[in-house]
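# Chains, contacts and geometry: an overview
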Amino acid sequence: EKSSLLTLEGDYQLTLGAVTASALAPHQSRLNMGLFNAIDEFFTGPAAEVEMMSASEQREQAQRLNELQDEEETFGLAEKSSANIRQLSSSSSNSSSGNDSNDSGGSVKLLLSLIGGFVAIYFTYEYGVGNGVKVSSSDGSINHPAILPTDTSTNLDAVPTTFTKETLHDTRQAATEFIDLLRNYYGGENKAKAMLVESWQAHWNLDKDAILSYNDGVDDRNNDDNDDDDSVNNPGERSLGKKKGVKKAKNILNNPDNMTPEELSQHHHHKKERTTKLVTTMARALLNPEQTKFTIGTIGSSVAAGHDNCHYDSYESQLERTLTPIFAAAKMDLQVQNAGEGGGCGDSHKNQVFCVAQNLSPDVDIIHYSWTYFEKGGAEEQREQLVRWAQHMPRRPMVHHLVARGKANTCMADSAENVALDRTYALYGYNAFCIQTGLYFGGHDYDTEIANDLNRFGWQNHGDGYHNTTRYGEALPDDDPRKESLGVVYRNWHPGPLGFQIASDAFAYVYISGLLLALDIIEEDMDSGANVFERWFDTSAGRRVLDVEEEDRHVGQRQLLQLPPLEKMPDPHFCHPLYCNTPHPPRCLNYELPTFGPAGIPVDSVTDDWSLWHEPNKWNYMVGKVDIAIFKKKNDPEWFEKCTHLDACGGMTTSGKGTGKIVYDLPVEQMTAGLVVICVCCGKKISESMVLNNDNLIFKLNDRVLDKKDMDLYPVDKCVRLLKGFEEDGYEKEEKMLLSVEVLGGETEVKISHVIVL
């Protein structure tokens, strides 16, 4: 039977068909896209999908890899970045309320409850359909991504915490054992901290006294009892060998050895800000009785997707397996969402940051960003956009940047733009980790090896100088070919499993160190009899917020430094204020895969001429040939599924010579800038022929035809900016705004991959 599943608020789902929500839970990213056909294919797909690629398919993949390499293999050609501020003309929060009801029992009340429940289900269904959800049916209706409520306020005073002293001790034991494991694995505490903590772009201070209290000010900024960890002279001033290898930065701008007293004071203060945000993120997740899952989400390129490896070996998959037992001890689930996508669809960081609230769950706790090989010429604008928009998501997540390469003595902290972001957004936890920098900070002499023709960062080299395979590879028999495959540091320009492992370990070490600091403070409050909520949440407001007025604080209780109100965020350095100072993150409807959050733009109507299309994704798509051969020989369906990558191009499409109309109901209440963007698939320059030069494609806003002469390519060449902002060319914000896309025929196929508004 076809399943008819209506996705409702949060983790709750109403199942109207044969397939239960629990059975479909592992495929939630596809469900959120409304791809019931993908579910059918998963359960009933042909056996050929798990067979070795044909020779023609191999040639096609090889050609595509070459194209992707041309797009991505640019890390040695990066130009000096500069702020790219576009000149634009100048130009309520969502809320939802829930009604709590208590039934003391009795047949009459029970009957009334049942009637009320059926009525609620009916109206919820009607609400869902009216907001973009189309239930699967036998008539071939298109299933567009669901539109979900975005705000769920909780009265924490009315909900007792489930985080008990016993749970705290269990969590601490699991966390401590993990930290000890990594210290032993990397050769001791000092070496582990050097590689996994001190090698980050900006410094962490993971000592207990490194957390800011509410009254900390400028005069307290030099109170750092652990100044020695700031020196960049160790891992050292190394001289590179003659062979081309990892570059060495000439001028590290955040080097404390070269700072004035005032700069050093600011430096220590930023470290405390960064650490405080980390600790508060962990504490709020542990204590909030309404939160049962901790979520880390990655947006990025093929590096983030884990291409040329099994999906199982991506750093996100490794990180999820590593952290799951620790959060299980805290009675929480842990999910690391991998929304990485290769370059074949034409996307980059420039357009995907606009879709962070759909590509990832809106209630994500930490966001990762990784676009190393796309960032030539600088990407400060997009990183700043992401950090600022993330603060308008429910949990105000930290943003951490993964760099696939790095320099020998710094993680790109020789860039004034990077340092500006580190300092400005330290309060919000922003930071970056570089894979090669982390390896260099362990002290291995890669430079001499490179001079002697051994470049461990070259393609298909095994062993990173510390280990010859991953920790989970060490458990395999010596004659298992996977053991050697898991020891590859870089498959090509993509990291291999061993390269990904240090990234996973660096994130895990920092996060769990922050969790341990949070546990210490929570235990102090428990022992003193204090309300554990009051340090971390504003309970008087009925829901958790991040800033608390002075008069709401209990005298004598040490309060952590709170984030400033959203309207008091610092002025942007690189992104235009019209787009960066909005009270909401962008709304996006992304038809590509994967997505983990709800769509932000509902479909008002669509003709039968349009269909939802996705690129076929076999298990061996973008998996390295060594692993393909290994798992083909094993012929294990479980491993075919573990290897399968999630990303695939897609969109709403009309066939050649076809006509059709699709209408999007733009979310006017969340549109303050007035930006409207359409992206098409697939390729970098495709929008010129498919959109701008296609006379058979027209756009209307409330039945008014938009002039293509006023449009431009933005934010990436596959996208067209239909409107730059309100009051541009006479357009003003209206109570209802319907964007129609009409195809009048012709030879050009139209594929819409994204609709973006801000």
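From a predicted model like this one, the values you see are computed outputs, not experimental measurements. (Residues numbered from 1 in each chain as written. Predicted model: local features only at pLDDT ≥ 70, side-chain atom pairs only at ≥ 80, totals over all residues. Heavy atoms only, no water.)

## As for the overall build of the chain
Within the chain, the regular secondary structure consists of 24 helices and 19 strands. Residues counted as buried form 57% of the 758 residues belonging to the chain. Just so you have it, the chain exposes about 31600 Å², and 48% of that area is on carbon and sulfur atoms. (Helix = DSSP H or I, 4+ residues; strand = E, 2+ residues; numbered from the N terminus. Buried < 20%, exposed > 50% of the residue type's maximum accessible area, 1.4 Å probe, protein only. Areas by Shrake-Rupley, 256 points an atom, 1.4 Å probe, with all protein chains shown as cover.)

## Here we look at the environment of Ile367
Along the chain, the position of Ile367 falls in strand β5 (residues 366–370). Overall, Ile367 belongs to the buried group, its relative accessible area being 0%. Taking the C-alpha atoms as reference points, Ile367 and Val387, 20 residues apart in sequence, are found 9.1 Å from one another. Those residues in contact with Ile367 that lie beyond four places of it in its chain are Gly297, Val356, Leu360, Leu386, Ala390, Met393, Pro397, Met398, Val399 and His400. (Contact = heavy atoms within 4.5 Å.)

## Brief notes about the state of the cysteines
Following the criterion strictly, the structure yields 7 disulfides and no others. Paired through a disulfide, Cys345 and Cys649 show a sulfur-sulfur distance of 2.0 Å. The disulfide joining Cys345 to Cys649 has a torsion of about -100° about its S-S bond and is therefore left-handed. Taken together, the residues Cys345 in the loop between β4 (333–340) and α11 (349–352) and Cys649 in the loop between α23 (637–643) and β11 (650–654) connect sequence positions 304 residues apart. The two residues Cys345 and Cys649 agree in class, both being buried. (Disulfide = S-S within 2.5 Å.)

## Some words on the sheet that holds strand β15 (residues 704–705)
Taken in spatial order, the 5 strands line up as β9-β12-β18-β14-β15 in an open sheet, and their pairing is antiparallel. Single-partner strands in this sheet number two, and they are β9 (603–606) and β15. Two strands pair when backbone bridges link them, and β9 and strand β12 (residues 659–665) are joined in this way by 3 bridges, in the antiparallel orientation. Note that in β12 the partner of Val603 across the bridge is Tyr664. (Pairing = 2+ DSSP bridges.)

## A closer look at the packing of aromatic side chains
Taken as a whole, this structure holds 24 aromatic pairs when the rule is applied. Plain terms: the ring middles of Trp371 and Phe374 are 5.5 Å apart, the flat faces sit at 85° to each other, and that makes the pair edge-to-face. For the pair shown, Trp371 and Phe374 are each scored as buried. Centre to centre, the rings of Trp619 and Phe640 are 4.6 Å apart; their planes meet at 40°, and the pair counts as tilted. Here the residue Trp619 occupies a position in the loop between β10 (611–614) and α22 (625–634), and Phe640 occupies one in helix α23, the gap between them amounting to 21 residues. Taken as a pair, Trp619 and Phe640 share a single burial class, namely buried. These aromatic residues form a ring-pair network of at least three members: Trp200, Trp204, Tyr315, Phe433, Phe500, Phe507 and Tyr511. Lying across the ring of Tyr714, Arg721 places its NZ or CZ 4.1 Å from the centre. Here Lys751 stacks its cationic end above the ring of Trp613, 3.9 Å away from the centre of that ring. (Phe/Tyr/Trp six-rings, centres within 6.5 Å; stacked < 30°, edge-to-face > 60°. Lys NZ or Arg CZ within 6 Å of the ring centre and 35° of its normal.)

## Description of the pattern of salt bridges
The tally for this structure, following the rule as stated, stands at 22 salt bridges. A salt bridge links Asp627 to Arg482; the nearest nitrogen and oxygen atoms lie 3.7 Å apart. Pair noted here: Asp627 is in helix α22 and Arg482 is in helix α18 (residues 481–485), with a separation of 145 residues, a long-range link. No difference in accessibility class separates Asp627 from Arg482, as the two residues are buried. Here the salt bridges do not stand alone but share partners, grouping Asp313, Arg482, Arg491 and Asp627 into one network. (Salt bridge = Lys/Arg side-chain N within 4 Å of Asp/Glu carboxyl O.)

## Some details on the side chain of Thr322
Considering the arrangement of structural elements, one finds Thr322 in helix α10 (residues 315–329). On the basis of relative accessibility, which here comes to 19%, the residue Thr322 falls in the buried class. A polar contact of 2.8 Å, which involves the side chain of Thr322, links it to the backbone oxygen of Gln318. Ignoring anything within four residues of it in the chain, the contact list for Thr322 reads Phe178, Arg471, Ser504 and Ala508. (Polar contact = N/O pair within 3.5 Å; in protein donor to acceptor, adjacent residues only side chain to side chain.)

## Comments concerning the confidence of the model for the chain
Scored by pLDDT, the chain has a mean of 78; 70% of the residues are at 70 or more. With pLDDT under 50 throughout, residues 118–142 is counted as low confidence; its partners more than four residues away or in other chains account for 35 contacts. (pLDDT = per-residue confidence, 0-100.)

## Focus on the pairing of β4
Counting buried residues along β4, 6 of its 8 residues qualify, which places the element largely inside the surrounding structure. Bridge count between strand β3 (residues 293–300) and β4: 8 bridges; the pairing is parallel. Bridge pairing links Ile299 to Ala339 in β4.

## Observations regarding α22
Within α22 the residues assigned to the buried category are Asp627, Ile628, Ile630 and Phe631. The buried residues of α22 occupy an angular sector of 165° when projected down its axis, which confines them to one face. Exposed and oriented more than 90 degrees from the buried face of α22 are Lys625 and Lys633. Those residues of α22 that are buried are in contact with α18 and α23. At the exit of α22 stands Asn635, carrying a positive phi of roughly 50°. (Arc of directions from axis to C-beta.)

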